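# Architecture at a glance
These are the residues of each chain, in order.
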Amino acid sequence: MTSTRFAAPVWSAFRFIIGLLFACHGLAGVFGVLGGSRGTGEPIPVGTWPNWYAGVIQLVCGLLVLAGLFTRPAAVLASGSMAYAYFVVHQKSGLMPIENGGVTAALYAWSFLVIAVLGAGPWSVDALLARRKGRASSTPAATTRAPANA
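Let me begin by describing the structure that accompanies this report. From a predicted model like this one, the values you see are computed outputs, not experimental measurements.

What follows deals with the nonpolar core. Core analysis: the largest hydrophobic core is formed by 18 residues, its most contacted members being Phe22, Val65, Ala75, Met82, Tyr108, Phe112 and Ile115. At the level of elements, helix 1 (7-31), helix 2 (51-67), helix 3 (71-90) and helix 5 (103-118) are the ones that each hand at least two residues to this core. The leading source of residues in this core is helix 5, at seven residues. Filtering out sequence-adjacent residues up to four positions away, Tyr108 remains in contact with Ile18, Leu21, Phe22, His25 and Met82.

For the rest of this paragraph, the subject is helix 1. Here helix 1 contains 25 residues, and its C-alpha end-to-end distance of 35 Å stays within 8% of the 36 Å for a straight helix at 1.5 Å per residue. Among the residues of helix 1, Ala8, Trp11, Ser12, Arg15, Ile18, Gly19, Phe22, Ala23, Gly26, Ala28, Gly29 and Val30 are the ones counted as buried. One or two positions beyond helix 1, positive phi appears at Gly32, with a value near 75°.

Turning to helix 5, a few remarks are in order. With 16 residues, helix 5 should reach 22 Å at 1.5 Å per residue; the first-to-last C-alpha distance of 22 Å fits that figure. Those residues of helix 5 lying buried are Ala105, Ala106, Tyr108, Ala109, Ser111, Phe112, Ile115 and Ala116. Contacts made by the buried residues of helix 5 are with helix 1, helix 2, helix 3 and helix 4 (97-100).

On the surface, Trp49, Tyr53, Tyr84, Phe87, Val88 and Val89 cluster together to form a nonpolar patch covering roughly 640 Å² of accessible area. In terms of residue count, the dominant contributor to the nonpolar patch is helix 3 (four residues).

So, about unusual backbone geometry. A cis amide bond links Trp49 to the next residue, Pro50, at an omega of -5°. Topologically, Pro50 is positioned in the loop between helix 1 and helix 2. Of note, Arg38 is a non-glycine position whose phi angle comes to about 55°, a positive value. Note that Arg38 resides in the loop between helix 1 and helix 2. At Phe70, a position not held by glycine, the phi torsion is positive, near 50°. With respect to the element layout, Phe70 can be found in the loop between helix 2 and helix 3.

About the cut-offs
Residues numbered from 1 in each chain as written. Predicted model: local features only at pLDDT ≥ 70, side-chain atom pairs only at ≥ 80, totals over all residues. Heavy atoms only, no water. Core = buried A, V, L, I, M, F, W, Y, C linked by side-chain atoms within 4.5 Å. Buried < 20%, exposed > 50% of the residue type's maximum accessible area, 1.4 Å probe, protein only. Helix = DSSP H or I, 4+ residues; strand = E, 2+ residues; numbered from the N terminus. Contact = heavy atoms within 4.5 Å. Expected span 1.5 Å × (residues − 1). Patch = residues over 30% accessible without salt bridge, like charges linked within 9 Å, V, L, I, M, F, W, Y side chains within 5 Å. Areas by Shrake-Rupley, 256 points an atom, 1.4 Å probe, with all protein chains shown as cover. Salt bridge = Lys/Arg side-chain N within 4 Å of Asp/Glu carboxyl O.

See below:
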């Protein structure tokens, strides 16, 4: 048994979980559910810059990544928004994420960057649409095959 056997399902599960968690942050900020904005139980007031817009990006991009639809553009936008959050909000308090409270922003930024580079994987709406159009998926996780002698 080789580790490549599980690459496609694990990659899709990773994308799914990252998208779900990110969407939950958006739901909390935009609608005040799941504890609300910063645990207050309240939503962020509509139009508040940059927090409300960040919440909308988190909700929409999280759902798109979760579904695997327009995955690469959604992941690029999500990664950029988290990089912005890290450098503008967190880095004022210190260089390292562990000292400035930016661990979550840094992890999301890098996770979404990897998703943007590697794509949605085979278990996604993007892959389904590509199969219907007769194109093979071009993501590494979808094309990984075990060696013939494994």
